[in-house]
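Observations on the model geometry
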Amino acid sequence: MEEKKINVLYIDDEPNNITSFRAAFRRSFNIYSAESAEEARKIIEVEPIEVILSDQRMPKMTGIEFFQSILTTHPDPIRILITGYTDINAVIDAINIGQVYKYLTKPWIEHEVRTAILNAFELYDLRRQNRELTEKLMDANQKLELLARQNLLS
């Protein structure tokens, strides 16, 4: 049985970067791409995206602003900021405001990006499993409470 590919969304306003990203990672991951935050939002509304990589400097909305804007509606995807500029304030904002898992620089090194995506998915999957186990535990606790009440009444 073939393993499920990770659903990755790559956002960059430069089409050549999207082409390069798709060429480098299409065999390893299901790649979705967007040239703007607006386009990316449409994708995450209909596709089960697990990892999002966004360029920081884009017209209209930065990568950090995009990440911040989706926190309440799409908190689960793991966010990675990728940029050609090393700006310490952007790094701090990415972590504090956009809840970014990792910060990568351009030009990116393929194995570093691949490792970051795999590690991000591992975190995504652990969080998903934790939610499922918590729900099962809460359900089991409710059933035990009901049984305990029934025993007290009889």
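**Remarks on helix H1 (residues 15-25)**
Every buried residue of H1 is listed here: Asn17, Ile18, Phe21, Ala24 and Phe25. Buried residues of H1 fall within an arc of 135° about the axis and therefore sit on the same side. Turned more than 90 degrees away from the buried face of H1 sit Asn16 and Thr19, all of them exposed.

**Comments concerning the packing of H1 against helix H5 (residues 110-153)**
Taken N-terminus to C-terminus, the directions of H1 and H5 make an angle of 75°; their axes are 11 Å apart at the nearest point. Here H1 lies roughly perpendicular to H5, going by the angle between them. Each of Phe21, Ala24 and Phe25 in H1 lies in contact with H5, whose residues at this interface are Glu110, Val113, Arg114 and Ile117. In terms of residue class, the contact of H1 with H5 is built from five nonpolar, no polar and two charged.

**Side note on the pattern of salt bridges**
Using the criterion set out here, one finds nine salt bridges in the structure. In this structure, the salt-bridge partner of Lys106 is Asp55, at a minimum N-O distance of 3.3 Å. Of this pair, Lys106 sits in the loop between strand E5 (102-105) and H5 while Asp55 sits in strand E3 (residues 51-55), and the two are 51 residues apart along the sequence. We note that Lys106, like Asp55, is buried. Three or more residues joined by partner-sharing salt bridges are found here, namely Asp12, Asp55 and Lys106.

**As for the pairing of strand E4 (residues 78-83)**
Along E4, six of the six residues are buried, which leaves the element largely enclosed by surrounding structure. Of the two faces of E4, the one holding Ile78, Ile80 and Ile82 and the one holding Arg79, Leu81 and Thr83 are both buried throughout. Examined bridge by bridge, E3 and E4 share five bridges and lie parallel to one another. Of the residues in E4, the one forming a bridge with Ile52 is Arg79. Considered for its hand, the β-α-β crossover made up of E3, helix H3 (residues 63-70) and E4 is right-handed. Across four bridges, the pairing between E4 and E5 is parallel. Note that in E5 the partner of Thr83 across the bridge is Thr105.

The rules we used
Residues numbered from 1 in each chain as written. Predicted model: local features only at pLDDT ≥ 70, side-chain atom pairs only at ≥ 80, totals over all residues. Heavy atoms only, no water. Buried < 20%, exposed > 50% of the residue type's maximum accessible area, 1.4 Å probe, protein only. Helix = DSSP H or I, 4+ residues; strand = E, 2+ residues; numbered from the N terminus. Arc of directions from axis to C-beta. Axes fitted to C-alpha atoms, helices over the stretch in contact; angles between N-to-C directions. Parallel < 35°, antiparallel > 145°, perpendicular 65-115°, else oblique. Contact = heavy atoms within 4.5 Å. Nonpolar A, V, L, I, M, F, W, Y, C, P; charged D, E, K, R; others polar. Salt bridge = Lys/Arg side-chain N within 4 Å of Asp/Glu carboxyl O. Pairing = 2+ DSSP bridges. Right-handed = clockwise from strand over helix to strand, strands pointing away.

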